[in-house]
Amino acid sequence: MRFGLLAAFVGIGCAGAPSDVREQRVLHALYDDNWTWAARDPELVAFKLTKMQRGPYEWLRGTASLAWRDIMEPGGARLATTFGDTASSRVLLVGDPHPENLGTFRAADGTMFVDWNDTDGTGYGPFTGDLRRLAAGLVIATDATTGPELARSAVTGYAAQMAALARGERPTATTRGAHPVFDAELEKASERGMVRYNLDEFAPVTNGARTLAYGDLEPVAPDGIFEDRLVPLDVDQSAWIDRAIERWRVGRLDAAAAKIKLRARRIGSGVASYPALRVDVVLEGATVAVEDDLFVELKETREGLILRGVPQREVAEWTSPAARAVDTQRRLHARPDGDVLLGSAEVGGLSFKIRDREAFQRGLDREELAGRDLAELQDLAELMGTMLARAHGLARTVDGTNGWTVIAPLLAGREAAFVDEVTAFALADVEVITSDHARFMDRDLFSLVFPTGAP
C-alpha cells in the first residue's frame, strides 16, 4: 500500500501529479513523515497539514525531516562540509532546535532554567545541520528583514561558546538574568506552576473532587483546527495508558501514588507532532487530597525518519524511541534533573515519553519576540547559539567523547569563515522554506500527499 501511493506521485498523467522535482520531493517527505498517523487519524493529519500552511514558521516546524533530507541526501542542499569531518558528523543533536523548542524547567532543588524542550528528533549527525536549523528558525520566527544579522549572531554565539569549552570553561544552566525574553518566560512559568495552573485547567476541583474539563480549552481556530481539546479515551486506550503508567511508575513513585484518578487525550499541541497520541493523567499523590495530585503527560514518540542511502541521525543505542528522547534530553541539558518525573514506557506497539505536565515546564512562544528591537533580538540569537553549542559540546558523541573535542579544533582560528559559511547556508535554507510554503499554502495539501486517500 505504501509504495503504491508513492508511485502515484510519479505516474505520468496521474491526477494531481507534482508539477516539478521540488514539489515531488516535498510531497514524498510529507508522506513518509505522516503515513502511519494518517492510517490511524486522517483528520488530525489533515489538521496538521492545514496548520503548516498558516505561515512559513509553521511550515518550518512541520518539515524538520524534509530539512534533514535537504541537508544530507544526495541531490539535496549541500552540507557545510568545510567545517565537518567523520567525527563531527557523529555529534548528539537536538534535531530541531527552532526557537519554540526552548522552554522552562524546574530542577530538583527548585531552580528554574531554560533549555531545549523537544527531543523527539534527537540522534547523532552533523552539528552544522542543527546550527543551520536554529539560525533559519530565528529568521523566520521573527519575520525579520534583518535576517542576516540574526543568523550571524546565532552562529557567532555558537563559535564563541565552543571556543570557551575548549579553554576549559564549563557553562551553567541559563537562568534569570540571561535575557529579558527568558526572564519573562521563567517568571510566568514559576507563577503558574506554583498555583498549579495546568492541572486546574485540565481537571478543575468541584466540591472537593477533580473532574475533567472535556471539550475545547481554547476556541477552535478560524481554519477549523483544534487548538486545545480534551477528548475521552476509549476502553482499549485507557488500558494502554494504565499499563504504561504501571511500567513507568517503578522506581519513581511510592505505592501511595499508584492510583490513576483521571486521564484524557489532549489534541492541539505542536505542529510536527500534532497527530501524535498525547494523554494527560492525574495521579493520586501521597494523600487522597486534591492538593498533592500529580500531573503527567504521556506523548507518543517515534523513530526519526529513515533517509535511505544517507548518513543516519539514529543508531541502535536505545531500546525505544521514547527511551532515546528521555536519555538525550538529560544529556543535552545543562542540568539533567530538569524533570524528576521524566521517563518512558512501551505498550501496545506505542512508545511513550512521560513527563511532568505542570506549568513549570513552559515552551517559548514566538509572540514574545514581537516588537523587540534588533539589538535585543541579536542578543537573544547569540544566546540561543551559545545554548546549542553547550548542548553539542558537553554531550557525548556516538564515539563516547565530548562534542567539543571534535568540533572546537575545526573552528579554531577560522571562526570568521565558519560564521560566514553557516550563515550563508542558513539564509539559503530560509529561502527554500519560504518558497515551499508559498508553493503549497493555498492548496489541498492532504489530497496532494495522499492522492488515493489515507493509507
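All figures in this text were calculated on a predicted structure; none of them were measured in a lab. (Residues numbered from 1 in each chain as written. Predicted model: local features only at pLDDT ≥ 70, side-chain atom pairs only at ≥ 80, totals over all residues. Heavy atoms only, no water.)

## Quick word on the confidence of the model for the chain
Overall, the prediction assigns the chain a mean pLDDT of 89, with 89% of residues at 70 or greater. Across residues 1-18 the pLDDT falls below 50, and counting only partners more than four positions away or on other chains, this stretch makes 31 contacts in the model. Taken as a whole, residues 306-311 scores under 50 in pLDDT and shows twelve contacts with residues more than four places along the chain or in a different chain. (pLDDT = per-residue confidence, 0-100. Contact = heavy atoms within 4.5 Å.)

## Examining the side chain of Thr 328
Within the secondary structure, Thr 328 sits in helix α11 (residues 321-332). Among the polar contacts made by the side chain of Thr 328, one reaches the side chain of Thr 122 at a distance of 2.8 Å. (Helix = DSSP H or I, 4+ residues; strand = E, 2+ residues; numbered from the N terminus. Polar contact = N/O pair within 3.5 Å; in protein donor to acceptor, adjacent residues only side chain to side chain.)

## Re unusual backbone geometry
Phi is mostly negative for residues that are not glycine, and the peptide bonds are mostly trans. You will see that Arg 196, though not glycine, has its phi angle at about 60 degrees, which is positive. With respect to the secondary-structure elements, Arg 196 resides in the loop between α8 (180-194) and α9 (197-202). Positive phi, normally seen in glycine, also occurs at Asn 207, with a value near 55 degrees. On the basis of relative accessible area, Asn 207 is assigned to the exposed category, the value being 83%. (Buried < 20%, exposed > 50% of the residue type's maximum accessible area, 1.4 Å probe, protein only.)

## With respect to the nonpolar core
Within the largest apolar cluster, 83 residues are counted, with the highest numbers of intra-cluster contacts made by Tyr 158, Met 162, Phe 182, Leu 411 and Phe 418. Non-local contacts of Phe 418, meaning those with residues more than four positions away in its chain, are made with Phe 83, Phe 127, Thr 128, Leu 131, Val 155, Tyr 158, Ala 159 and Leu 411. Formed by 18 residues, the second largest nonpolar core is a distinct cluster that contains Leu 233, Leu 277, Val 279 and Val 281. (Core = buried A, V, L, I, M, F, W, Y, C linked by side-chain atoms within 4.5 Å.)

## A look at the pairing of strand β2 (residues 102-106)
Counted residue by residue, β2 has four buried out of five residues, so it is predominantly covered. What sits between β2 and strand β3 (residues 112-116) in their antiparallel hairpin is a turn of five residues, with Gly 110 showing a positive phi close to 95 degrees. Judged from the two bridges that link them, β2 and strand β14 (residues 362-363) form a sheet pairing that is antiparallel. Bridge pairing in β14 links Thr 104 to Arg 362. (Pairing = 2+ DSSP bridges.)

## A look at the pattern of salt bridges
All told, the structure shown has 45 salt bridges when counted by the stated rule. With a shortest N-O distance of 3.5 Å, Glu 368 and Lys 188 are connected by a salt bridge. With Glu 368 in the loop between β14 and α12 (374-394) and Lys 188 in helix α8, the pair connects residues that are 180 residues apart, well separated along the chain. Each of Asp 200, Arg 210, Lys 261, Glu 284 and Asp 293 takes part in one network of salt bridges that share partners. (Salt bridge = Lys/Arg side-chain N within 4 Å of Asp/Glu carboxyl O.)

## Focus on the sheet that holds strand β9 (residues 260-267)
Strand order in the open sheet formed by seven strands is β7-β8-β9-β10-β11-β13-β12, with antiparallel pairing between adjacent strands. The open sheet has two edge strands with one neighbour each: β7 (215-216) and β12 (343-347). Examined bridge by bridge, β12 and strand β13 (residues 350-356) share five bridges and lie antiparallel to one another. Note on β13: the bridge partner recorded for Ser 344 is Lys 353. Each of β12 and β13 is contacted by α11, which is oriented at about 30 degrees to β13, the strand it contacts most. (Axes fitted to C-alpha atoms, helices over the stretch in contact; angles between N-to-C directions.)

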